[in-house]
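# Coordinates in review
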Amino acid sequence: MEGHERARLLWQCRRGMRELDLLLQAFAEAELEGLDAAERAAFEGLLARPDAELAELLLGASEPMDGTTADVVARIRTAARP
């Protein structure tokens, strides 16, 4: 992944909710470089969602519809655990 692309995604991980910031930044630091193209597309799709919808997905109030996005959401949840 190019430096510009990485920087863009890291910037998009900064959200209006602290909980989202913590989840997304932990995931990005730990996992971003290892994502394949489908996983990266799913992650970018998550980042394109409004904060409230994204929070519901990442905090478990709702579940994503497709398998790749569900896998990325599970990895985000796991990356934030101590």
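Predicted model only: the values in this text are computed from it and were never measured. (Residues numbered from 1 in each chain as written. Predicted model: local features only at pLDDT ≥ 70, side-chain atom pairs only at ≥ 80, totals over all residues. Heavy atoms only, no water.)

### Let's talk about the pattern of salt bridges
This model, assessed by the stated rule, comprises nine salt bridges. Put simply, Glu29 and Arg6 hold a salt bridge, and the shortest N to O gap is 3.7 Å. With Glu29 in helix H2 (residues 18-31) and Arg6 in helix H1 (residues 3-12), this residue pair connects regions lying 23 residues apart in the sequence. Residue Glu29 is classed as exposed on the basis of its relative accessible area, which comes to 55%. Residue classification places Arg6 among the partly exposed residues on the basis of a relative accessible area of 22%. A salt bridge links Arg49 to Glu53, with the shortest nitrogen-to-oxygen separation between them at 2.7 Å. What makes Glu53 partly exposed here is its relative accessible area of 33%. (Salt bridge = Lys/Arg side-chain N within 4 Å of Asp/Glu carboxyl O. Helix = DSSP H or I, 4+ residues; strand = E, 2+ residues; numbered from the N terminus. Buried < 20%, exposed > 50% of the residue type's maximum accessible area, 1.4 Å probe, protein only.)

### A short note on the side chain of Arg15
Tracing the backbone through its elements, the reader meets Arg15 in the loop between H1 and H2. Among the polar contacts made by the side chain of Arg15, one reaches the side chain of Asp51 at a distance of 2.7 Å. Not counting residues within four places of it along the chain, the set of residues in contact with Arg15 comprises Leu20, Asp21, Leu24, Leu47, Arg49, Pro50, Asp51 and Leu54. (Polar contact = N/O pair within 3.5 Å; in protein donor to acceptor, adjacent residues only side chain to side chain. Contact = heavy atoms within 4.5 Å.)

### A closer look at the packing of helix H3 (residues 37-47) against helix H5 (residues 67-79)
Interhelical geometry of H3 versus H5 gives an angle of 75° and a closest axis separation of 9 Å. Our classification of the angle between H3 and H5 gives roughly perpendicular. On the side of H3, the interface is formed by Ala38, Glu39, Ala42, Phe43 and Leu46, while H5 contributes Thr68, Thr69, Val72, Val73, Arg75 and Ile76. For the contact of H3 with H5, the class distribution of residues is seven nonpolar, two polar and two charged. (Axes fitted to C-alpha atoms, helices over the stretch in contact; angles between N-to-C directions. Parallel < 35°, antiparallel > 145°, perpendicular 65-115°, else oblique. Nonpolar A, V, L, I, M, F, W, Y, C, P; charged D, E, K, R; others polar.)

### Points about the packing of H2 against H5
For the pair H2 and H5, the least separation of the axes is 8 Å and the interaxial angle reads 100°. Classed by the angle they form, the pair H2 and H5 counts as roughly perpendicular. For the pair formed by H2 and H5, the contact residues are Leu23, Leu24, Ala26, Phe27 and Glu31 on the first element and Val72, Arg75, Ile76 and Ala79 on the second. Here the contact of H2 with H5 is composed, by residue class, of seven nonpolar, no polar and two charged.

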